[in-house]
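Each chain, written out:
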Amino acid sequence: MEKELNLSILCKYCFQVLESALANKDVKKIPFPEQFKGKSYPLFVTWTLGKEKELRGCIGTFEESKLDTQLRKYALISAFEDDRFEEPICINELKNLNCEVSLLIKFEKAKDPMDWVIGTHGIDIEFEGDEGQLFSSTFLPEVAQDEGWDKRTTLKYLVEKAGYTGTLDKVIKNIKLTRYQSLKKTISYNQYKKMK
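None of the values given here were measured: they were computed from a predicted structure.

A. Structural detail: the overall build of the chain. The secondary structure content of the chain amounts to 6 helices and 6 strands. The linear arrangement of helices and strands in the chain, starting from the amino end, is α-β-β-α-β-β-β-α-α-α-β-α. For 196 residues, the compact-globule estimate of 2.2 N^0.38 gives 16 Å, and the C-alpha radius of gyration of the chain, at 17 Å, lies within 12% of that figure. Based on the C-alpha atoms only, the size of the chain along its principal axes is roughly 50 × 40 × 30 Å. Burial statistics for the chain: of 196 residues in total, 49% are counted as buried. Taking as baseline every contact in the chain between residues at least 6 positions apart, the subset at least 24 positions apart corresponds to 73%. Counting only carbon and sulfur atoms, one obtains 47% of the accessible surface of the chain, whose full area is about 10,900 Å².

B. Geometry of the packing of helix H1 (residues 8-22) against helix H2 (residues 67-80). Running from amino to carboxyl end, H1 crosses H2 at an angle of 55°, the nearest separation of the two axes being 9 Å. Here H1 is positioned oblique relative to H2, judged by the angle of their axes. In this structure, the crossing between H1 and H2 has a hand that is right-handed. The segment H1 lies against H2, with Leu10, Tyr13, Cys14, Val17, Leu18, Ala21 and Leu22 engaging Leu67, Leu71, Arg72, Ala75, Leu76, Ala79 and Phe80. By residue class, the composition of the contact of H1 with H2 is 13 nonpolar, no polar and 1 charged.

C. Representation of the sheet that holds strand S3 (residues 97-109) within the structure. Pairing is antiparallel across the open sheet formed by 6 strands, whose spatial order is S2-S1-S3-S6-S4-S5. Edge positions in the open sheet fall to strand S2 (54-66) and strand S5 (134-139), since each of these has one partner strand only. Pairs of neighbouring strands in the sheet enclose a mean axial angle of 25°, with direction left out of account. In the sheet, strand S4 (residues 122-128) pairs with S5 via 6 bridges, with the strands oriented antiparallel.

Rules and cut-offs
Residues numbered from 1 in each chain as written. Predicted model: local features only at pLDDT ≥ 70, side-chain atom pairs only at ≥ 80, totals over all residues. Heavy atoms only, no water. Helix = DSSP H or I, 4+ residues; strand = E, 2+ residues; numbered from the N terminus. Rg over C-alpha atoms; globule rule 2.2 N^0.38 Å. Buried < 20%, exposed > 50% of the residue type's maximum accessible area, 1.4 Å probe, protein only. Contact = heavy atoms within 4.5 Å. Areas by Shrake-Rupley, 256 points an atom, 1.4 Å probe, with all protein chains shown as cover. Axes fitted to C-alpha atoms, helices over the stretch in contact; angles between N-to-C directions. Parallel < 35°, antiparallel > 145°, perpendicular 65-115°, else oblique. Left-handed = near helix turned anticlockwise from the far one by under 90°. Nonpolar A, V, L, I, M, F, W, Y, C, P; charged D, E, K, R; others polar. Pairing = 2+ DSSP bridges.

These values are about where atoms sit, not about what they do.
Below is the structure:
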């Protein structure tokens, strides 16, 4: 059933939401795609720029909740509140944007930090630091493959992303890793315009 889902219409919806927000229109008036009403998934919305797909915002949730309430929320949060970027997405960037929607599926506890497959699994890690503080971070399934990283390098960057300043070797034994997969689709602004 999941293979039959038309994720393009979710990307289209995110573009409609972003366009309306940038034009100061009421985003709540945009009809949510009928096919997805009542469906629940953990999700991420990723905005990138141009053919190089330079990251411009990526935020989501591991909470399984209704798409018709969460997709709009995360389309806007990832566009306007990703604190890795000094400025939110602006109207001048719109025509160069790509939108990717990832619905997360098949969550499994890994046996150890290396029990996952590059290009297949996204990974979510949790670990305790030197003074007992908790750290966590995630990479979507495509990140390691797109960056050309091996498993160890991916974990190193994920530990850094979590905000831990020590080395991977110091915490690798403490890492609890959950692996997951995603159903995803990316469309460009031009593709979105053709769908209207």
